[in-house]
Amino acid sequence: MSLSRLVLIALFGGITAAPLAAQGIPRGARSSQTVANAPRLMVANPFAFASADSASSVRIGSAARGEMKAIVGRDFTVVEQAQMNDALKQYGYPVDAILSPPLATTLAKNIQARVLMSGTMARGAGGGTAVTARLIGVNDDAGYVVTLTQQKGQTLEDFGKKLARALEPAVKSLADARACVDQRTSKPDKAEAAAQKAIKVLPNHGLAQFCLAQIAQDKKAPRPEVVKHLQAATKGDPLSLPVWTALATQYQQANDTANTLLAFEQMLLVAPTNQKLREELFKYFLQSGHSETALKVADEGLKLDPNNADLYDLKSNACLFLSNFKCAVDALEAMYATDSTKADTLFFTKISAAAAEGENPDNVRLLKWSQMGVRKYPNNPTLLGYLNKAYSLSGQTDSVIAVTNRIIAKDTTETGVIAALAAAQALIVPPDTTKARRDTSAAGRDTSAARRDTSGATAPRTSSAKFTPRPKEAVPFLEFVIKHGDAQRKENAAALLYTGAAPLLQQPQDLQGAEELLRMAVAAANPTGKVYPAANYLLGLATLFQVPQIDPQAEKQKSCDLAMQEQAKLAASDSALTAGRAVNPEAVDKNLGIIKKYEPRIKSMLKAYCKTKKK
């Protein structure tokens, strides 16, 4: 797999979780504050995954903001906390909101800040607060990162000031690093000189080293020189997705699998929710025989930061990638416990899908999460479908019917068709018939297991003494499938109609009900498929079995209408049995012989009873 595509994903797919409007920050919105002559620098409160750390985040951010004013001097105007709070309120956030780095970047752009100091909080090895802080131009590909841990006895205010001072070299060298980027194409010599000036101040400045790597590539320098600058850039800014992408590209082109995997692991940690990137990397892990790598990345990240909901999301996707569905549900439940605000439609769909998969679906958790999802999103057809499956697996047939009616009232697509099939299946197939429940096309495949009645005809066996089929209630759902489904779904519907009709041929019989279902089955079935002859065979029996009921009444009442009805049943039975002969030739031939024996009697009754009508 070439990484040229990954480069585009990383650069243009971005790591922001949602569009500006979806994040609550309107595109193009502007703060009402007057823009100072010097470029603006915004210091965001470090993002805290645990809500209990919010107050500490505000204290650290305030101290860092105040210290940064002294550091930047006249080179930048630091956005005041009051200005930030005004902007936050304008965009619908509370004052002192704790924004994730991508959202902080969006806010910085919208209040016309050119540079951003952001960060994330976690628990350090000794239990103190640890902050990973980053200084970067809002439109730059890389910046500079420091990670500090609060010392014993150190106040949060002193800790915040220390964070700002640790980024002072990045502030002082930023102009030169940017000069490299600005002049790289037009004046590469001056660009290189500017970058060298920046790295004299800060040897691993992410942007300066990345610019030098790009200049080396432009000059077609040897790969080791390019890699050297990229490695230095990742040391300075391990959070830069463009830099890691470029480095992974170099490793892959050199067939260096071990380092390629390491780079990919870092890319997942930097952007755990970037779906396109995640899919591409998971494919690579599978193709290269390292399918466990993504799961390892998530687990190692969670050891450092157990409150990181994004890493639980990454872990769930890694588990799904490995078809470890229990692991996926566990990870998503942990994600919900960590941050329930992330429980959107995608979350409920993913956790329901994971619970529903595998040889043994986790119906307890499938029912729990699909119910929660439908309560929050009552008109989502996918979630309704999973709720339907949960009810079906647990044998709650009436609930299946209610949910299915909600689905098909608004959805005539494949989703609605599948739901209607599932409802019909719940009404017809015994709940202990696991295989049949999983595959609607299984119905009616095997007609050899049969029970012989006194006339020599055969009918399929039924199972599950506790289950009472309700095939007539399934008819509206199967009519929906036949109307809106494709050829395969129609065949599935025909199979269920066949299955629903079979028990009606046995005692206590409902021959007319069986005939109705089987006529629908024959009309819907593929004439070259397996259901068509089987349904015809039973249809022939259902119509033939009605003749001994009609015949004595016709004779007793001397009824021309009943005689004609009897004649029609015999003709229909003859036609259907002939079409279904392949199912059981011996039984069909025997019953065709019975039909022939009736012919003289029918002619006699018609002659005797229908004289008046002929006149």
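Cut-offs applied
Residues numbered from 1 in each chain as written. Predicted model: local features only at pLDDT ≥ 70, side-chain atom pairs only at ≥ 80, totals over all residues. Heavy atoms only, no water. Helix = DSSP H or I, 4+ residues; strand = E, 2+ residues; numbered from the N terminus. Buried < 20%, exposed > 50% of the residue type's maximum accessible area, 1.4 Å probe, protein only. Contact = heavy atoms within 4.5 Å. Areas by Shrake-Rupley, 256 points an atom, 1.4 Å probe, with all protein chains shown as cover. Pairing = 2+ DSSP bridges. Axes fitted to C-alpha atoms, helices over the stretch in contact; angles between N-to-C directions. Parallel < 35°, antiparallel > 145°, perpendicular 65-115°, else oblique. Left-handed = near helix turned anticlockwise from the far one by under 90°. Nonpolar A, V, L, I, M, F, W, Y, C, P; charged D, E, K, R; others polar. Disulfide = S-S within 2.5 Å. Phe/Tyr/Trp six-rings, centres within 6.5 Å; stacked < 30°, edge-to-face > 60°. pLDDT = per-residue confidence, 0-100. Core = buried A, V, L, I, M, F, W, Y, C linked by side-chain atoms within 4.5 Å. Salt bridge = Lys/Arg side-chain N within 4 Å of Asp/Glu carboxyl O. Polar contact = N/O pair within 3.5 Å; in protein donor to acceptor, adjacent residues only side chain to side chain. Expected span 1.5 Å × (residues − 1).

## Details of the overall build of the protein chain
When helices and strands are counted, the protein chain shows 30 helices and eight strands. Counting over 615 residues, the protein chain shows a buried share of 51%. The long-range fraction of contacts in the protein chain, counting pairs at least 24 apart against all pairs at least 6 apart in sequence, stands at 62%. With the model as given, the accessible surface of the protein chain reaches about 28,900 Å², and the carbon-plus-sulfur share is 52%.

## A short note on unusual backbone geometry
Residue P508 follows Q507 across a cis peptide bond; omega there is -5 degrees. Turning to its location among the elements, P508 is positioned in the loop between α24 (487–501) and α25 (511–524). For D96, which is not a glycine, the phi torsion comes out positive at approximately 55 degrees. Positionally, D96 belongs in the loop between α4 (81–90) and α5 (101–110).

## Things to note about the pairing of strand β6 (residues 144–149)
Taken together, the six bridges between strand β5 (residues 129–137) and β6 define a ladder with antiparallel strand orientation. Note that in β6 the partner of T132 across the bridge is T147.

## Side note on the pairing of β5
When you tally the buried positions in β5, you get eight out of nine residues, the bulk of the element. By the bridge criterion, nine bridges tie strand β4 (residues 113–123) to β5 in an arrangement that is antiparallel. Opposite L116, over in β5, you have I136 as the bridge partner. Connecting β5 to the next strand, β6, in antiparallel fashion are six residues.

## Considerations on the environment of E357
Structurally, the position occupied by E357 is in the loop between α17 (345–356) and α18 (363–376). Considering only alpha carbons, one finds E357 and K326, 31 residues apart in sequence, at a separation of 9.2 Å.

## A closer look at the packing of α25 against helix α26 (residues 531–544)
One can describe the packing of α25 onto α26 by two numbers: an axis separation of 9 Å at closest approach and a directional angle of 155 degrees. Judged by the angle between their axes, α25 and α26 are roughly antiparallel. Considering the relative orientation of α25 and α26, their crossing is left-handed. Taken together, the residues of α26 that come into contact with α25 (itself represented by L511, A514, E515, L518, R519, A521 and V522) are Y532, A535, N536, L538, L539, A542 and T543. Tallied by class, the residues present in the contact of α25 with α26 amount to 10 nonpolar, two polar and two charged.

## Thoughts on α4
Taken residue by residue, α4 has Q83, M84, N85, A87 and L88 as its buried positions. The elements touched by buried residues of α4 are β1 (40–43), α3 (54–72), β3 (77–78) and α5. A positive backbone phi angle near 90 degrees is found at G92, which sits one or two residues after α4.

## A word on the state of the cysteines
The full count for this structure, using the stated rule, is three disulfides. Cysteine pairing in the protein chain follows 1-2, 3-4, 5-6, where each cysteine in a disulfide is numbered by its order in the sequence.

## Structural notes on the side chain of S240
The topology assignment puts S240 in the loop between α10 (223–236) and α11 (241–253). Classification of S240 as buried rests on a relative accessible area of 1%. Excluding residues within four positions of it along the chain, S240 makes contact with R134, D141 and A142.

## So, the packing of aromatic side chains
Overall, the coordinates contain 11 aromatic pairs when judged by the stated rule. Taking 5.8 Å as the distance between ring centres and 25 degrees as the angle between the ring planes, the aromatic pair formed by Y336 and F347 counts as stacked. Placement of the pair is Y336 in helix α16 (residues 325–338) and F347 in helix α17, with a sequence separation of 11 residues. Among the aromatic residues, those joined into a ring-pair cluster are F264, F282, Y284, F285 and F321.

## What to know about the confidence of the model for the protein chain
Summing up the model confidence of the protein chain, the mean pLDDT is 86 and the portion of residues at 70 or higher is 87%. When the criterion is pLDDT under 50, residues 1–36 qualifies, and its contacts beyond four places in sequence or with other chains add up to 74 contacts. Predicted confidence for residues 434–464 stays below pLDDT 50, and this span has 74 contacts to residues more than four positions away or in other chains.

## A few points about the nonpolar core
A general tendency of soluble globular proteins is for nonpolar side chains to be buried together. Ranked by internal contacts, the top residues of the largest apolar core, which has 129 residues, are F285, L478 and L518. In terms of nonpolar packing, the next biggest core, distinct from the first, is built from 32 residues, L41, I60, L167 and L202 among them.

## What to know about the pattern of salt bridges
Inspection of every chain in the model, using the stated rule, returns 26 salt bridges. E157 is the partner of R59 in a salt bridge, and the nearest nitrogen-oxygen pair spans 2.8 Å. With R59 in helix α3 and E157 in helix α6 (residues 156–166), this residue pair connects regions lying 98 residues apart in the sequence. Two residues, E333 and K368, come together in a salt bridge whose shortest N-O distance is 4.0 Å. With E333 in helix α16 and K368 in helix α18, this residue pair connects regions lying 35 residues apart in the sequence. Through salt bridges with shared partners, a single network forms among K326, D330, E333, D362, R365 and K368.

## Points about the side chain of S370
Tracing the backbone through its elements, the reader meets S370 in helix α18. For S370, the side chain forms a polar contact with the main-chain oxygen of L366, separated by 2.6 Å. Each residue touching S370, except ones within four places of it in the same chain, is listed here: S352, L383, Y386, L387 and A390.

## Remarks on helix α20 (residues 397–408)
If you check α20, its first and last C-alpha atoms are 16 Å apart, about what 12 residues at 1.5 Å a residue would give, namely 16 Å. For α20, the full list of buried residues reads T397, V400, I401, V403, T404, I407 and I408. In the core, the buried residues of α20 are packed alongside α19 (381–393), α21 (414–428) and α23 (471–484).

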